[in-house]
Amino acid sequence: MELFVNEIKDLILNAFFIFTFLFVFVNFIQNRKHSDIILFMVSSLLIIMCMVFPITLSGDHIFDMRHVPFIIGALYGGRKYAVALFVVLTVFRFYIGGVGAYGSFINNGLLLGVLWFVIPYFKNTDIVIRRVFLSFLASSFGLLFVFLSFILVYPFILYPVFLNEDFIFHSGFIIPLVILFIIQSLSILFFVSFIERERWNKHIQKEFNRIEKNNTVSEIAASISHEVRNPLTVTRGFLQLLNDATLTEDQKKNYIAHSIEELDRASTIITNYLTYAKPSSLQNHTLDVCKEITYIMNILKPFATIRNVEMFMKTSVNSCYVNGNAQQFQQCLINIIKNGIEAMQTGGKIFIDMYCVERDVVINIQDTGNGMTDEQVRKLGTPYFSTKEEGTGLGVMVAFNIIKTLDGQIKVKSTVGEGTSFLIALPLAGHKVDKK
């Protein structure tokens with residue numbers, strides 16, 4: 001009983017070495033720079049540790065799990081590291097001493113020959129099943145060669161099996177040895193299966209990242225087209241208004257100035273989207289919300305006039321301030337207001353109400369358009385969802401993202417046939433409010 005407990009203890013210790021090897025390989029070695037050298041060093045250390053703490057079977061007969069790091073290190077390291085690991089294994093085994101060193105040398109030499117043959121096939125395939133099969137082939141030959149080495153070097157141990165049928169049960173040697181060999185082979189299969197599964201998962205994750213990156217690029221490209229269309233549409237409206245013969249020179253200069261500003265804004269939008277991956281590069285300033293909304297209404301007025309839409313602004317304060325980027329803030333509100341204008345195909349009204357509640361400034365944008373169902377409201381802000389036939393849904397998505405970067409919140413309420421309201425709450429900058 002005590003011997004059995006010691007065997008289990010030693011087996012658990014060897015298993016700890018092996019699973020430590022597995023953890024280190026998967027998390028710190030695989031796909032790293034100089035991974036082959038690190039793998040060789042860790043495999044060598046594990047081989048030595050397994051041999052220093054062997055499993056005692058019966059009397060002076062010992063067994064260990066040295067072949068697990070040897071086979072794994074050889075398969076993933078390559079032929080030259082297989083030879084190097086064979087040298088480490090052989091030298092340390094002869095250092096330990098005993099007649100078993102010669103049998104170990106024969107066994108490991110034959111196993112090295114099998115690995116020399118298997119390694120190129122293992123390296124040249126990415127199919128998980130094939131790699132698992134090749135590792136099983138190597139471990140099976142390793143098991144076979146161990147028995148052959150026993151027959152050649154220790155005939156006095158195995159021959160009595162055929163002479164005395166009670167030897168197997170009396171010696172307490174053969175059956176535990178077979179069980180441990182099976183455990184070793186299963187450990188190698190588990191090891192390779194786990195590594196290959198992790199490798200495959202990383203490959204799939206890499207592909208997902210690549211696909212997601214391509215989708216993001218296409219979304220950004222669509223957003224650039226969408227956002228640049230806004231200032232171009234506004235500029236077109238101003239140019240159309242210039243045909244009015246009743247305009248004064250000051251009005252013409254004002255429209256031309258607004259057109260130039262919008263073209264500059266289009267250029268800035270393109271620049272901002274080209275640096276979309278680095279949103280922190282956009283500098284934040286203290287913004288006067290009243291002035292920003294007034295500016296946005298002036299920008300969108302030609303677009304609204306052409307669509308027969310009236311815009312009204314109501315505010316309970318002269319000025320209030322938020323921290324943010326002016327370009328992003330304007331882009332956010334323009335997207336929402338422009339969507340409201342486009343929702344009223346036969347004309348209508350847009351009301352913009354601004355007021356302060358405790359530490360927030362609230363902007364309520366309400367239109368008298370067709371409205372949306374609850375299901376449509378829930379889908380707002382997702383890519384490519386739009387209630388417009390030619391819409392991409394990216395304008396609202398960008399607006400939602402900008403509000404999030406400003407630490408704000410947005411709520412959407414809509415009634416079919418009556419219209420939609422966007423309620424935006426943004427934190428005040430230093431709680432600055434200039435009441436009327």
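Residues numbered from 1 in each chain as written. Predicted model: local features only at pLDDT ≥ 70, side-chain atom pairs only at ≥ 80, totals over all residues. Heavy atoms only, no water.

### Looking at the side chain of Asn108
Step number 1: With respect to the element layout, Asn108 can be found in helix H5 (residues 100-123).
Step number 2: At a separation of 2.8 Å, a polar atom in the side chain of Asn108 contacts the side chain of His67.
Step number 3: Other than its neighbours up to four places away in sequence, Asn108 contacts His67, Phe70, Phe86 and Leu89. (Helix = DSSP H or I, 4+ residues; strand = E, 2+ residues; numbered from the N terminus. Polar contact = N/O pair within 3.5 Å; in protein donor to acceptor, adjacent residues only side chain to side chain. Contact = heavy atoms within 4.5 Å.)

### Notes on helix H3 (residues 67-77)
An α-helix turns once every 3.6 residues. As a result, residues three or four positions apart point the same way.
Step number 1: A large share of H3 lies buried, amounting to 11 of its 11 residues.
Step number 2: Every buried residue of H3 is accounted for by His67, Val68, Pro69, Phe70, Ile71, Ile72, Gly73, Ala74, Leu75, Tyr76 and Gly77.
Step number 3: Gly78 sits one or two positions beyond H3 and adopts a positive phi of about 115°. (Buried < 20%, exposed > 50% of the residue type's maximum accessible area, 1.4 Å probe, protein only.)

### Section: the packing of helix H4 (residues 79-96) against H5
Step number 1: Between H4 and H5, the least distance of the axes is 10 Å, while the angle of their chain directions is 175°. Judged on the interaxial angle alone, H5 and H4 are roughly antiparallel. From H4, Arg79, Ala82, Val83, Phe86, Leu89, Thr90, Arg93 and Phe94 reach across to H5, where they touch Gly100, Ala101, Tyr102, Ser104, Phe105, Asn108, Gly109, Leu112, Trp116, Ile119 and Pro120.
Step number 2: Residue classes in the contact of H4 with H5 are distributed as 12 nonpolar, five polar and two charged. (Axes fitted to C-alpha atoms, helices over the stretch in contact; angles between N-to-C directions. Parallel < 35°, antiparallel > 145°, perpendicular 65-115°, else oblique. Nonpolar A, V, L, I, M, F, W, Y, C, P; charged D, E, K, R; others polar.)

### Some points on the confidence of the model for the protein chain
Step number 1: Mean pLDDT over the protein chain stands at 76; residues scoring 70 or higher make up 71%.
Step number 2: Predicted confidence for residues 157-171 stays below pLDDT 50, and this span has 18 contacts to residues more than four positions away or in other chains.
Step number 3: Below pLDDT 50 for its whole length, residues 275-281 participates in three contacts with residues either more than four positions away or in separate chains. (pLDDT = per-residue confidence, 0-100.)

### Things to note about the nonpolar core
Step number 1: Among the nonpolar cores identified, the biggest contains 48 residues, and Val289, Leu333, Ile337, Ile350, Met354, Ile363 and Ile365 are the most heavily contacted of them.
Step number 2: Of all the elements, helix H11 (residues 289-306) adds the most residues to this core, at nine residues.
Step number 3: Residues within four places of Ile350 in sequence aside, it is in contact with Val309, Glu310, Met311, Phe312, Ile337, Gly340, Ile341, Met344, Ile365, Gln366 and Asp367. (Core = buried A, V, L, I, M, F, W, Y, C linked by side-chain atoms within 4.5 Å.)

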